[in-house]
Amino acid sequence: MGIQSDDSQNVNKATNVFATEHKVSRSKRGEIIGSRGGFRGCTIWFTGLSGAGKTTIAFALEEYLVARGIPAYGLDGDNVRTGLNKNLGFAPEDREENIRRVAEVGKLFADSGVVALCSFVSPYNKDRELARQLHKSCGLPFFEIHVATSLEECEKRDVKGLYKKARAGLIKGFTGIDQPYESPENPEVIINTESRTVEDCVQQIVEVLQKNDILPQSVVEKVMDLTVSEETLAEALAEAEQLPSVEITKLDLQWLQVLGEGWATPLTGFMREREFLQCQHFNCLLDHGVTNQSVPVVLPVHTQDKERLAGCKEFTLSYNGVARAIIRDPEFYEHRKEERCARQFGM
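Remember, it's a predicted structure, so these values are computed and weren't measured experimentally.

## Structural notes on the overall build of the protein
In terms of helices and strands, the protein carries 13 helices and twelve strands. Counting all 347 residues of the protein, 40% fall into the buried class. Taking the intrachain contacts of the protein between residues at least 6 apart in sequence as the baseline, contacts between residues at least 24 apart amount to 67%. With the model as given, the accessible surface of the protein reaches about 20,100 Å², and the carbon-plus-sulfur share is 52%.

## A few points about the confidence of the model for the protein
Confidence in the prediction of the protein, expressed as mean pLDDT, is 87, and 89% of residues score 70 or more. The element-level mean pLDDT for the protein is lowest in strand β1 (residues 2–6), coming to 45, with strand β6 (residues 142–147) highest at 97. Taken as a whole, residues 1–10 scores under 50 in pLDDT and shows 18 contacts with residues more than four places along the chain or in a different chain.

## Structural notes on the nonpolar core
Membership of the largest hydrophobic core comes to 33 residues, with the highest contact counts inside it found for I44, F46 and L61. Of all the secondary structure elements, the ones that give two or more residues to this core are β3 (42–47), α2 (54–67), β5 (115–119), β6, α7 (162–167), β7 (189–191) and α8 (198–211). In this structure, I44 is in contact with L61, V115, A116, L117, C118, F143, I145 and L209, ignoring residues within four places of it in sequence. Counting 20 residues, the second largest nonpolar core, distinct from the first, contains I248, L259, F270 and M271.

## Section: the layout of surface pockets
Put simply, the second largest pocket is a space of about 840 Å³. Together, 38 residues line the second largest pocket, and S50, G51, K54, V121 and K160 are the ones closest to its centre. Elements with a minimum of two residues in the lining of the second largest pocket: α2, α3 (77–81), α4 (92–111), α6 (151–157), α7 and α8. When residues in the lining of the second largest pocket are grouped by element, the largest group, four residues, is from α2. Residue composition of the lining of the second largest pocket, by class: 15 nonpolar, 13 polar and ten charged.

## What about the sheet that holds β3?
One open sheet holds the five strands; their spatial order is β4-β5-β3-β6-β7, and the pairing between them is parallel. The sheet terminates laterally at β4 (72–76) and β7, the two strands that pair on one side only. Strand-to-strand, the axes of this sheet are offset by a mean angle of 20°, without reference to chain direction. Relative to β4, α2 is tilted by about 165°, and along the sheet it contacts β3, β4, β5, β6 and β7.

## Focus on the pairing of strand β12 (residues 322–328)
As paired strands, strand β11 (residues 314–319) and β12 are joined by six bridges and run antiparallel to one another. Bridge assignment links T316 to a residue of β12, and that residue is I326.

## Comments concerning the environment of V322
Its place among the elements puts V322 in strand β12. Since its relative accessible area comes to 43%, V322 is described here as partly exposed.

## Here we look at the environment of E273
Relative to the elements of secondary structure, E273 occurs in helix α11 (residues 273–282). As a C-alpha pair, E273 and Y333 span 60 residues in sequence and 6.5 Å in three-dimensional space. When residues no more than four places from it in sequence are discounted, the contact partners of E273 are E331, Y333 and R336.

## A closer look at the side chain of D76
In this structure, D76 sits in strand β4. Despite being buried, D76 has no salt bridge partner; K160 is the closest side chain of opposite charge, sitting 5.8 Å away. A polar atom in the side chain of D76 sits 2.5 Å from the side chain of T55. Ignoring sequence-local partners within four residues, the contact set of D76 consists of T55, F59, S119 and F120.

## Focus on the pattern of salt bridges
Here the structure, examined in full by the defined rule, presents 23 salt bridges. Linking K126 and E96 is a salt bridge whose minimum nitrogen-to-oxygen distance equals 3.3 Å. Separated by 30 residues along the polypeptide, K126 in helix α5 (residues 125–136) and E96 in helix α4 bring together distant segments of the chain. For K126, a relative accessible area of 52% translates into the label exposed. Ionic pairing is found between E334 and R336, a salt bridge with its closest N-O pair at 3.9 Å. Overall, the relative accessible area of 55% leaves E334 in the exposed class. Residues participating in the shared-partner salt-bridge network are R128, E129, R132, E144 and E188.

## Some points on unusual backbone geometry
A negative phi angle is the norm for most residues apart from glycine, just as the trans form is the norm for most peptide bonds. Following T265, the chain continues into P266 via a peptide bond in cis, with omega recorded as 15°. Tracing the backbone through its elements, the reader meets P266 in the loop between α10 (250–260) and α11. The phi angle at N320 is positive, at roughly 55°, despite the residue not being glycine. Inspection of the secondary structure puts N320 in the loop between β11 and β12.

Each value, and the rule that gives it
Residues numbered from 1 in each chain as written. Predicted model: local features only at pLDDT ≥ 70, side-chain atom pairs only at ≥ 80, totals over all residues. Heavy atoms only, no water. Helix = DSSP H or I, 4+ residues; strand = E, 2+ residues; numbered from the N terminus. Buried < 20%, exposed > 50% of the residue type's maximum accessible area, 1.4 Å probe, protein only. Contact = heavy atoms within 4.5 Å. Areas by Shrake-Rupley, 256 points an atom, 1.4 Å probe, with all protein chains shown as cover. pLDDT = per-residue confidence, 0-100. Core = buried A, V, L, I, M, F, W, Y, C linked by side-chain atoms within 4.5 Å. 1 Å grid on protein atoms, 1.4 Å probe; cavity = no way out; pocket = protein on both sides within 12 Å on 5 of 7 lines; lining within 4 Å. Points joined across faces, edges and corners; volume = space filled by probe spheres on them. Nonpolar A, V, L, I, M, F, W, Y, C, P; charged D, E, K, R; others polar. Pairing = 2+ DSSP bridges. Axes fitted to C-alpha atoms, helices over the stretch in contact; angles between N-to-C directions. Lys, Arg positive; Asp, Glu negative; His and termini not counted. Salt bridge = Lys/Arg side-chain N within 4 Å of Asp/Glu carboxyl O. Polar contact = N/O pair within 3.5 Å; in protein donor to acceptor, adjacent residues only side chain to side chain.

Right, here's the structure in full:
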C-alpha cells in the first residue's frame, strides 16, 4: 500500500487500496445480533442547531431500542471530536471532513446490523446529502431527522453557554450566529421539541422506522385505535347496512370493544388462525416481533353463517340488530374448543 501526498490539501491519500467483500451476509448478521431477529441496520441522522435536542433524543432512542433487544449506538458530535475527529476545527472544510468521517463510521455500524444514531449540527445540505448517498450506494437505509427547534429557543436553553459566548464574540464560526445553517429540504422526519416530551419525540421516530420495516410492530408503544372517526361514521354505517350481517353475542361485543379501543394492540382485528395458534402454543404473537398474548381474541360463528358468508370479502357484525363493525378479508378456521380449553385452563 502506498501513500501519495497532496500538498494542496495537506492531506495524505492512500493508493493501491482494494475493498474486500465480507463472508458474512447482512441477513446472517441479523440472525445473531440483538434478540428480535432480522437485519435492522440503518443510520438515523439528527441535524439541527446546537441545543436543539439532537443528542437528547438520539440517546433516549438508543436506550429505548436497546431495552427492546434492538442493537443501537449513538454517535454524538462532541464525543466524536474528543477522539476520531479531535484534529478538526469548525471551519467549513473541517466541518465537511467531520461529517464525511462520521458518515463512514455510521455506514459501518449500519452494515454490521446496528442502528447508528448520528447527532451532529451538520449545517450544510451537501454534506448531509453526501452521507445519504454513501448509504444509498451500498443499499443501507438512511433517515434524516430535522430537529427543528428555533434559534430563539436554542438560545434560551443555552445549556453549555455557547450562544452567550458567540454573541459576545468569544466563539467564532458558531452555527446560527455567524455561520449559516441550511435546513433540510426533504427530511424523513421533522421534530419540533418545544412543548413536547422526549418520549413523544422518540415515539414519532419509532413509528417512522416501523413503517419502513426497520422495527417490528411490537416495538411501537402506540395504541392502535380501530374505531371509526366521527367524520367517516355516516359513510361506514351506510356501507354496513348494505353488507351481509352476522349477529354476535354480548361477549363478542365486549371483545369487539377491546379490539376497537386498542387494548389488544398490535392486533388489528380478531385473530387469524396463525395468530390463534401462536397464542395457544407460545402465549405470544410472533409475526411482528414478540408480543405477550396468552388470551385468544377470536370470533366464533355457526357453521351456517360460515357457509352463507363463503367468498365474502367483508360483512357486518351486528348486536341486537344494530351494526357495530365491518369485518374485512375474513378467514374462517376450525374452532377446536377442547384444545383451546385444555391449553387455556390446563384441563
